[in-house]
Amino acid sequence: MYIRCTPRRVFLFSMFVNDLESVYCEKGISGIDIDSFKVFLILYADNIVIFGSTAEELQENLYILEEYCNRWKLIVKDKDYNF
C-alpha cells in the first residue's frame, strides 16, 4: 500500500533532514556541475535524489546518507530506487 504524501509528512521530512546538505558540504562532496551550480542532492517533498559524477562518488554519497540515517534513526525505503 502506498501512503500519499501529505503536508504533515512533508513537513516532518524537512525537519528531520534539514541539515543533510551541510553534512555533504562538510565531507567535501563535489557533486555534479549544472551550469554554474554544484549539485549533490535534491530534496523534494519526502524524496531525496543523490548525484555523483562517477559510480564511486555516487556510492560514497550513498554511504554518507546511510551514516546520516543511522545517526538519526531514519529509514530509507528503497522501493523507489531508480538507477
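Residues numbered from 1 in each chain as written. Predicted model: local features only at pLDDT ≥ 70, side-chain atom pairs only at ≥ 80, totals over all residues. Heavy atoms only, no water.

## Some details on the side chain of Glu57
Within the secondary structure layout, Glu57 lies in helix α3 (residues 55-72). For the buried Glu57, which has no salt bridge, the nearest side chain bearing the opposite charge is Lys38, at an N-O separation of 7.4 Å. Among residues more than four places away in sequence, those in contact with Glu57 are Ser30, Gly31, Phe51 and Gly52. (Helix = DSSP H or I, 4+ residues; strand = E, 2+ residues; numbered from the N terminus. Buried < 20%, exposed > 50% of the residue type's maximum accessible area, 1.4 Å probe, protein only. Lys, Arg positive; Asp, Glu negative; His and termini not counted. Salt bridge = Lys/Arg side-chain N within 4 Å of Asp/Glu carboxyl O. Contact = heavy atoms within 4.5 Å.)

## Some words on the environment of Leu20
Take Leu20: it is sitting in helix α2 (residues 20-26). The exposure class of Leu20 is buried, given its relative accessible area of 0%. Distance from Leu20 to Cys69, taken between C-alpha atoms, is 9.7 Å for residues 49 residues apart in sequence.

## Things to note about the pairing of strand β3 (residues 41-44)
Judged from the four bridges that link them, β3 and strand β4 (residues 47-50) form a sheet pairing that is antiparallel. Each residue of the ladder has a partner; that of Leu43, found in β4, is Ile48. A loop of two residues connects β3 with β4, the two strands running antiparallel in sequence, and Ala45 in this loop sits at a positive phi of about 55°. (Pairing = 2+ DSSP bridges.)

## A word on the confidence of the model for the protein
Averaged over every residue, the pLDDT of the protein is 82; residues scoring 70 or more account for 87%. Looking across the protein, the model is least confident in helix α1 (residues 7-16), with a mean pLDDT of 79, and most confident in α3, with 92. (pLDDT = per-residue confidence, 0-100.)

## Describing α3
For α3, which comprises 18 residues, the first-to-last C-alpha distance of 26 Å matches the rise-based estimate of 26 Å (1.5 Å per residue) to within 8%. Within α3 the residues assigned to the buried category are Glu57, Asn61, Ile64, Leu65, Tyr68 and Cys69. All buried residues of α3 fall inside an arc of 135° around its axis, so they share one side. Opposite the packed face of α3, turned more than 90 degrees from it, sit the exposed residues Ala55, Glu56 and Asn70. Looking at the buried residues of α3, the elements they touch are α1, α2 and β4. Of the residues one or two after α3, Lys73 is the one with positive phi, at around 60°. (Expected span 1.5 Å × (residues − 1). Arc of directions from axis to C-beta.)

## Re unusual backbone geometry
Here Asp35, not a glycine, exhibits a phi torsion of approximately 55°, which is positive. Looking at where Asp35 falls in the secondary structure, it is placed in the loop between β1 (32-34) and β2 (37-39). The phi torsion at Lys73 lies on the positive side, around 60°, for a residue other than glycine. Within the element layout of this structure, Lys73 appears in the segment after α3. Classification of Lys73 as exposed rests on a relative accessible area of 69%.

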